[in-house]
2 protein chains.
Amino acid sequence: MIITIGREFGSGGKELGRKLAARLGVPCYDKEVIAEVAKRHNMTEDYVDNISLRDLRITFTPTVGKSFDSPIYFNTNASQALVSQQEIIKKLAEEGDCVFIGRSADIILRDKNPLNLFIYASEEAKLARCLENIREGETEKTILKHMRKIDRDRAGTRSILCDNRWGDKESYHLCVNTSGKDIDALIPGLVAYIKAWFAE
Amino acid sequence: MIITIGREFGSGGKELGRKLAARLGVPCYDKEVIAEVAKRHNMTEDYVDNISLRDLRITFTPTVGKSFDSPIYFNTNASQALVSQQEIIKKLAEEGDCVFIGRSADIILRDKNPLNLFIYASEEAKLARCLENIREGETEKTILKHMRKIDRDRAGTRSILCDNRWGDKESYHLCVNTSGKDIDALIPGLVAYIKAWFAE
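Below, the structure is looked at part by part. (Residues numbered from 1 in each chain as written. Chains lettered and ligands numbered in written order. Predicted model: local features only at pLDDT ≥ 70, side-chain atom pairs only at ≥ 80, totals over all residues. Heavy atoms only, no water.)

1. Some points on the environment of Ser84 of chain A
Residue and element names in this part refer to chain A. Mapped onto the fold, Ser84 is located in helix H5 (residues 70-94). Ser84 sits in the buried class, given a relative accessible area of 6%. Ignoring sequence-local partners within four residues, the contact set of Ser84 consists of Val37, Arg40 and His41. (Helix = DSSP H or I, 4+ residues; strand = E, 2+ residues; numbered from the N terminus. Buried < 20%, exposed > 50% of the residue type's maximum accessible area, 1.4 Å probe, protein only. Contact = heavy atoms within 4.5 Å.)

2. Side note on the relation of the copies chain A and chain B
The transform that puts chain A on chain B rotates by 180 degrees and translates by 0.0 Å along the axis, for an RMSD of 0.0 Å. This pairing of chains is accounted for by a two-fold axis. Closest approach to the rotation axis among the C-alpha atoms of chain A is made by Cys175 of chain A, whose C-alpha sits 2.5 Å away. Counting the interface residues of chain A, we find that 100% of their copies in chain B are interface residues as well, pointing to one common contact surface. (Least-squares fit on C-alpha atoms with pLDDT ≥ 70 in both.)

3. Some words on the interface of chain A and chain B
Listed per partner, the contact involves 23 residues of chain A and 23 residues of chain B. Carbon and sulfur atoms supply 59% of the area that chain A and chain B bury against each other, a total of about 2,000 Å² over both sides. Connecting chain A to chain B are 2 salt bridges. Residues Lys169 of chain B and Glu8 of chain A are paired through a salt bridge, measuring 3.9 Å at the closest nitrogen-oxygen approach. Taken together, the links from chain A to chain B amount to 11 residue pairs in polar contact (both at pLDDT 80 or more). When residues of the side of chain A that touches chain B are traced back to their parent elements, those giving at least two are strand S4 (115-120), strand S5 (174-177) and helix H9 (183-199) of chain A. Of the residues forming the side of chain A that touches chain B, the biggest block, 9 residues, is contributed by H9 of chain A. Across the side of chain A that touches chain B, the residue classes tally to 14 nonpolar, 4 polar and 5 charged. Judged from the 3 bridges that link them, S5 of chain A and strand S5 (residues 174-177) of chain B form a sheet pairing that is antiparallel. Opposite Val176 of chain A, over in S5 of chain B, you have Leu174 of chain B as the bridge partner. (Buried area = accessible area lost by both parts, 1.4 Å probe. Salt bridge = Lys/Arg side-chain N within 4 Å of Asp/Glu carboxyl O. Polar contact = N/O pair within 3.5 Å; in protein donor to acceptor, adjacent residues only side chain to side chain. Nonpolar A, V, L, I, M, F, W, Y, C, P; charged D, E, K, R; others polar. Pairing = 2+ DSSP bridges.)

4. Overview of the side chain of Asp151 of chain A
By the secondary structure assignment, Asp151 of chain A is in helix H8 (residues 140-161). Those residues in contact with Asp151 of chain A that sit more than four places away from it in its chain are Arg7, Glu8, Phe9, Lys126 and Trp166 of chain A.

5. What about the side chain of Ser171 of chain A?
All names here are of chain A. Mapping Ser171 onto the fold places it in the loop between H8 and S5. For Ser171, a relative accessible area of 9% gives the class buried. Once residues within four sequence positions are removed from consideration, Ser171 is found in contact with Asp106, Arg158, Asn164 and Arg165.

6. Considerations on unusual backbone geometry
Residues and elements named next belong to chain B. We note that Asn42 has phi near 55 degrees; this positive angle belongs to a residue other than glycine. Tracing the sequence through the fold places Asn42 in the loop between helix H2 (31-41) and helix H3 (45-49). Of the residues examined, Asn42 reaches a relative accessible area of 73% and is grouped as exposed. A positive phi is found at Asn113, a non-glycine position, where the angle reads about 50 degrees. Structurally, Asn113 can be placed in the loop between helix H6 (105-108) and strand S4 (115-120).

Structure follows, in structure tokens:
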């Protein structure tokens, strides 16, 4: 029983994933994967968490004439970090039932037939959720900008791994809209759905 | 407890809706609505079932210079049929808990806070489902063409009523991918999800 959670920034997907895992009595992997990659490669967790397509693309361009260009070194590291991430995700999945949040785990683990959820919400609802935990210096405008950037990066990083696109409903088994709903209210129904799915 | 089912042609959405209703012990409205509209307007059920945006658009264009053009008469009828359909859906919803299949019931009944599901599948899976009940004279090619036309018409007809688009996950509470799944296998999980949703 492997469940993967794709999610839009601000949709409450991370909270939902953690709560599902708790209710199912299985581990939930999110920052744990990032921490392990960071440790292996002597990177900051923040760096690993935010590797974007742009960081990687440079790795794929010809290095001719650029061999003294230090960013190539860093970008090779970025792609090695993603390779490590895949290894770690596969290793964790071998240990037993679990929930993975993000990290394209649905694609990395496709041979294990995970149940792939995508959690989303209206921009209004996502903004409202983010405003509940607003940090100093943030405004509605900066939050919206950050929200869109994070999701754009998620879509980009996924596009390296597969053709089915981030956020397209066709890429997932079940897509859950959290607009106007407490995450807690969605857990019992989803737990039942997941149990039925794997009982088959 | 009002549940609406939007669905792609061939996704098994109609079967899923009927089985959900049966398991929930509530009526399921699909052809019943069409039959009532057809009766009221002395139309064939097939005609009512297939009113498309094109049928209606002509109604909205200026009639100047077209007053002898008989299609205008028929098209006015088409839009009256859709108005009747809305009245009938609202009346049925007043009678108690139920499931509506298609007919933009999610929009028509939005004041009653229905749970809006969208049922979809990969084109491959939808084609396979249609091929199980292939009729004389049909081929893969004609089925695919028909499938795409029906869904295009559904999207078009919905666009008259609202801005949130047919098939966009943002327009629904829960989107269910039926690819590679028996509809029966999805029912227990969805029934639990629906009960939890309305128990809140």
